[in-house]
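# Secondary and tertiary structure notes
One letter stands for each residue in the lines below.
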Amino acid sequence: MTARTIALGRVRTGLDRPRNARDLVARAVPGQMEDVSRDAGDIAARLELNLVRTIGDALVAHVEGCIFGKVEARFLRRGMSVLERLVGADLKIDGVLGGFRLGVGDDAPGVLGGNLHVGNVDAIGRKIVDGGCILGRALKRAIGLGDKWDDGRGFELDVVDLGLATTPTTELAVVWEAACGGIILTASHNPKQWNALKLLNENGEFLNADEGNEVLRIAETGDFEFVDIENLGHVKKDNTSITKHIDSVLSLKLVDVEAIKNAGFSVAVDCVNSVGGIAIPALLEALGVKKIVPLNCRPDGLFPHNPEPLPQHLTEISDLMKNGGIDVGFVVDPDVDRLAIICENGDMFGEEYTLVAVSDYVLRHTPGNTVSNLSSTRALRDVTRSLGGEYSAAAVGEVNVVAKMKEVGAVIGGEGNGGVIYPESHYGRDALVGIALFLTHLAKAKKQVSELRATYPSYGMTKQRIDLTPAIDVDALLRAVKEQYARYEVTDIDGVKIDFPDGWVHLRKSNTEPIIRVYAEAETVESAEEKAAAVMTVIRSMVE
């Protein structure tokens, strides 16, 4: 059998090193402390290890605090030989050690649910062997990559280690390397203890629900095979992926480097000390931006503020813009797949309007259809129709938006969280693509950012929730709401969305707690709040 290739990307570094675990290892296995510490740091999730013991040849760890509620993860079978030496009968370890969380695209909670039982990491399954791999030295050992186990068992799998790479960079690298899948180690905009493994298929796209469930099935059944030591795969390091990504952006037909250079832009960028601090300044320099003002571009993973690019978290760059002298500000999340834009006066362009502005530019040069999710602004629909295209809505989640885009042949799409998906590059949210297209649009429009924003339909949005009791059948409740508002246009592919003539309300149930999330949009925030309140009143009357 020919070895298969996997692309690996790591979004951030500077992760917690478990002090107590280091001390324990230093006492129990002199000379091995640094090795185990690096392994724990590479696995990169802070999990409390309550009990470690050996049962035959398997190392079993009971882990609490991973995904939702309690997770029992049996991992590192015949791996982590240092830890095996540490573990005696019923040895109890307090403090923090390394761990992992298995994620399936953006919809991991919905796919994985409450209690997760994952077999040995060397048994995460053939689908991960076929469609991805585990990042980190200890986990590479666990599937027989790089460092070999004492008994030599592992998989025939070649790995391309991209090192620090953005999420869209890794997605592109899967295709460039003709790999059978990819893995990204990231917590996205969540705190670092939620670092996870995002799995990509052979197209560099997130696994859908069926593929994710197949991963779990194989993990639970142990439906996989090992190879002999002579046939183990190899690890190749490639630190050029971000440069290749930038080159691919510059080669897009609608990216006009000369126009951007001639505009003489001054640009501020906040990369929240993640891998964007490497990629975004390099992109701006390649685009010919005259002046780059970097904020929080040290890629050490230590976030200076909440990393989700929402207005309340962006006061530093907003205050900087208010001082004048800067044409536009960009903020990316740790994955570098979401893009927020700041106007020259420090005002928020609006994360919902990142996709609207970029789509406006793309549609003016390549007319066609667009897609966003049900909870995104109606402004994209308005702009699309004004330029002769058709707008379609998809269920929330990047994988759902991509599927809908392929179905309707959309020339551009994405999500209202600042995620731009441009198929001419690839089917994944990409802030680098978004920045290049926006700067080209801005240069050709010859407007200030605030002036460009004023050309688009303005809507106000509100996001609320209704708390319910666990005994309530939320699905039945949503069906009743659908019937109550049957006289309006109602969509039920993802919860229930009610389209009124002058706005909409979208109801989505949580996969982890008894609540209904309520999103609403209208011409003003006040009107949106009124619409949401009216629907919430109807729901509460149904459960009283």
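Scope of this entry: the structure provided in the associated data block. (Residues numbered from 1 in each chain as written. Predicted model: local features only at pLDDT ≥ 70, side-chain atom pairs only at ≥ 80, totals over all residues. Heavy atoms only, no water.)

## Details of the sheet that holds strand β12 (residues 266-270)
Note the cut-off: The rule for pairing is simple: two strands pair if DSSP sees at least two bridges between them. Runs of H or I in DSSP of at least four residues are treated as helices and runs of E of at least two as strands, each being numbered from the N terminus. Only C-alpha atoms enter the line fits that serve as axes; for helices the fit covers just the stretch in contact. Angles between N-to-C directions range over 0 to 180 degrees.
Read across the sheet, four strands follow the order β13-β12-β14-β15 without closing on themselves; strand pairing throughout is mixed. At either end of the open sheet lies a strand with only one pairing partner, and these are β13 (291-295) and β15 (339-342). Pairs of neighbouring strands in the sheet enclose a mean axial angle of 20°, with direction left out of account. Where strand β14 (residues 328-332) lies against β15, four bridges are found, and the strand directions are antiparallel.

## Observations concerning the environment of Q484
Note the cut-off: When accessible area is computed with a 1.4 Å probe and restricted to protein chains, residues below 20% of their type maximum are described as buried, those above 50% as exposed, and intermediate ones as partly exposed. Residue contacts are defined here by distance: any two heavy atoms, one from each residue, within 4.5 Å place the two residues in contact.
Following the sequence through the fold, Q484 ends up in helix α18 (residues 474-484). Under the relative-accessibility criterion, Q484 is labelled partly exposed at 43%. When the C-alpha positions of Q484 and V535 are compared, they lie 9.9 Å apart, and in sequence the two are 51 residues distant. Residues contacting Q484, with those up to four places away along its chain left out, are V538 and M542.

## What to know about the state of the cysteines
We apply this condition: The disulfide criterion used throughout: a pair of cysteine sulfur atoms within 2.5 Å.
One pass over the structure, following the stated rule, counts zero disulfides. Of the cysteine sulfurs around C297, a residue in no disulfide, the closest is that of C271, at 3.8 Å. For C297, a relative accessible area of 18% gives the class buried.

## Considering the packing of helix α13 (residues 351-365) against helix α16 (residues 431-445)
For clarity, the cut-off: For classification purposes, angles smaller than 35 degrees are called roughly parallel, those larger than 145 roughly antiparallel, those between 65 and 115 roughly perpendicular, and all remaining angles oblique. Note on convention: near helix rotated counterclockwise from far helix by under a right angle means a left-handed crossing. Clockwise means right-handed. In this classification, Asp, Glu, Lys and Arg are treated as charged, Ala, Val, Leu, Ile, Met, Phe, Trp, Tyr, Cys and Pro as nonpolar, and every other residue, Gly included, as polar.
The N-to-C vectors of α13 and α16 enclose an angle of 65°; their axes lie 9 Å apart at closest approach. With respect to their mutual orientation, α13 and α16 come out roughly perpendicular. Crossing of α13 over α16 shows left-handed handedness. Here A357, V358, D360, Y361 and V362 of α13 lie close against α16, whose contacting residues are G434, L437, F438, T440, H441 and K444. The residue inventory of the contact of α13 with α16, partitioned by class, reads six nonpolar, three polar and two charged.

## Details of helix α9 (residues 241-250)
Stated precisely, the cut-off is as follows: Taking the helix axis as origin, the arc is that swept by the directions to the C-beta atoms.
Of all the residues in α9, the buried ones are S241, I242, H245, I246, S248 and V249. All buried residues of α9 fall inside an arc of 160° around its axis, so they share one side. Tucked into the core, α9 has its buried residues touching β8 (157-164), α7 (167-176), α11 (276-286) and α16.

## Regarding the pattern of salt bridges
Note the threshold: When a carboxyl oxygen of Asp or Glu is within 4 Å of a side-chain nitrogen of Lys or Arg, the pair counts as a salt bridge.
Under the criterion given, the structure shown has 25 salt bridges. Ionic pairing is found between D475 and K509, a salt bridge with its closest N-O pair at 3.1 Å. With D475 in helix α18 and K509 in strand β23 (residues 503-509), the pair connects residues that are 34 residues apart, well separated along the chain. Members of the salt-bridge network, linked through shared partners, are D337, E398, E415 and R429.

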